[in-house]
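Tertiary structure, described
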Amino acid sequence: MLAGTRNTVAWSALGHAVAAYDAARTYCGQRVQFGKPLVGFQIVQERLVKMLAEICGMQLYCLRLGRLIEEGRFSDTIAALAKMNNTSKAREVILAARDLLGGNGILLDFHVMRHLADMEAIHTYEGTETIQTLIVGRDITGVAAFA
Ligand SMILES: Cc1cc2nc3c(=O)[nH]c(=O)nc-3n(C[C@H](O)[C@H](O)[C@H](O)COP(=O)(O)OP(=O)(O)OC[C@H]3O[C@@H](n4cnc5c(N)ncnc54)[C@H](O)[C@@H]3O)c2cc1C
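Presented here is an overview of the structure given in this document. Just so we're clear, the structure is a prediction, and the values are computed from it rather than from any experiment. (Residues numbered from 1 in each chain as written. Predicted model: local features only at pLDDT ≥ 70, side-chain atom pairs only at ≥ 80, totals over all residues. Heavy atoms only, no water.)

**Things to note about the pattern of salt bridges**
Any two side chains of opposite charge can pair, given that their charged atoms come close. Tallying each qualifying case throughout the model produces five salt bridges. In this structure, glutamate 46 and lysine 50 form a salt bridge, with 3.5 Å as the shortest nitrogen-oxygen distance. Linking glutamate 46 with lysine 50, this pair stays in helix H2 (residues 42-71), spanning four residues, or about one helical turn. What makes glutamate 46 partly exposed here is its relative accessible area of 41%. Residue lysine 50 is classed as exposed on the basis of its relative accessible area, which comes to 53%. The residue arginine 47 makes a salt bridge to aspartate 99 at a minimum N-O spacing of 2.8 Å. Taken as a pair, arginine 47 in helix H2 and aspartate 99 in helix H3 (residues 76-100) lie far apart in primary sequence, 52 residues in all. (Salt bridge = Lys/Arg side-chain N within 4 Å of Asp/Glu carboxyl O. Helix = DSSP H or I, 4+ residues; strand = E, 2+ residues; numbered from the N terminus. Buried < 20%, exposed > 50% of the residue type's maximum accessible area, 1.4 Å probe, protein only.)

**Some remarks on the packing of H3 against helix H4 (residues 112-124)**
Two elements in contact, H3 and H4, have axes whose closest approach is 10 Å; the angle formed by their N-to-C orientations is 155°. Considering the angle they form, H3 stands roughly antiparallel to H4. The two elements H3 and H4 meet at a crossing, and its hand is left-handed. Facing H3, whose interface residues are Lys83, Thr87, Ala90, Arg91, Ile94, Leu95, Ala97 and Arg98, H4 presents Val112, Met113, His115, Leu116, Met119, Glu120, Ile122, His123 and Thr124. (Axes fitted to C-alpha atoms, helices over the stretch in contact; angles between N-to-C directions. Parallel < 35°, antiparallel > 145°, perpendicular 65-115°, else oblique. Left-handed = near helix turned anticlockwise from the far one by under 90°. Contact = heavy atoms within 4.5 Å.)

**Looking at the packing of aromatic side chains**
Throughout the structure, instances matching the rule amount to two aromatic pairs. Their ring planes at 85° and their centres at 5.6 Å tell us that tyrosine 27 and phenylalanine 110 sit as a pair that is edge-to-face. Of this pair, tyrosine 27 sits in helix H1 (residues 2-30) while phenylalanine 110 sits in the loop between H3 and H4, and the two are 83 residues apart along the sequence. A ring pair is formed by phenylalanine 34 and phenylalanine 41, whose centres lie 6.4 Å apart and whose planes are at 85°; its orientation type is edge-to-face. Residue classification places phenylalanine 41 among the partly exposed positions, given a relative accessible area of 24%. (Phe/Tyr/Trp six-rings, centres within 6.5 Å; stacked < 30°, edge-to-face > 60°.)

So, in structure tokens, the structure goes:
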């Protein structure tokens, strides 16, 4: 059961990250500072591209989860690895989005903070990032380090 729910959490994290990225990309296209939209600054572009790169990695995890389920080769370890990776990366992406919105990033009106709050819940439920790490560590080493 936990492997199944960890699969859904990996997908949820991806959804929150995409939504936050989309909000940041839109906002930076509209917000004018120093005479031009924020997307016109190199550092802003770099940050958006890094967010996108993390999202693409999360998408590949989710695609792989779906294929393994279809093939009947889904396991506790891959579920833990995907949940650990995607919740960790989604938190990074959403925090970057929240920062790119400046002061508006903490307002509910711009939605990024909603995604951050939801992420904090799924970061913990179905097992924390640390516990997912230890599940994968047990598999690759043969040694259980948590019990
Ligand atoms: C929004 C939300 C909804 C939830 N819904 C449900 C639900 O429907 N059903 C349900 O049964 N539970 C639910 N939970 C509970 C959730 O699964 C637990 O909160 C989660 O598994 C962490 O357990 P804990 O809170 O007891 O933390 P603890 O186990 O007390 O962990 C506290 C900290 O210690 C760390 N830690 C614990 N053990 C080790 C170790 N061996 N080595 C290193 N670090 C360790 C953890 O990673 C964490 O950072 C929900 C939680 C939240 C936040």
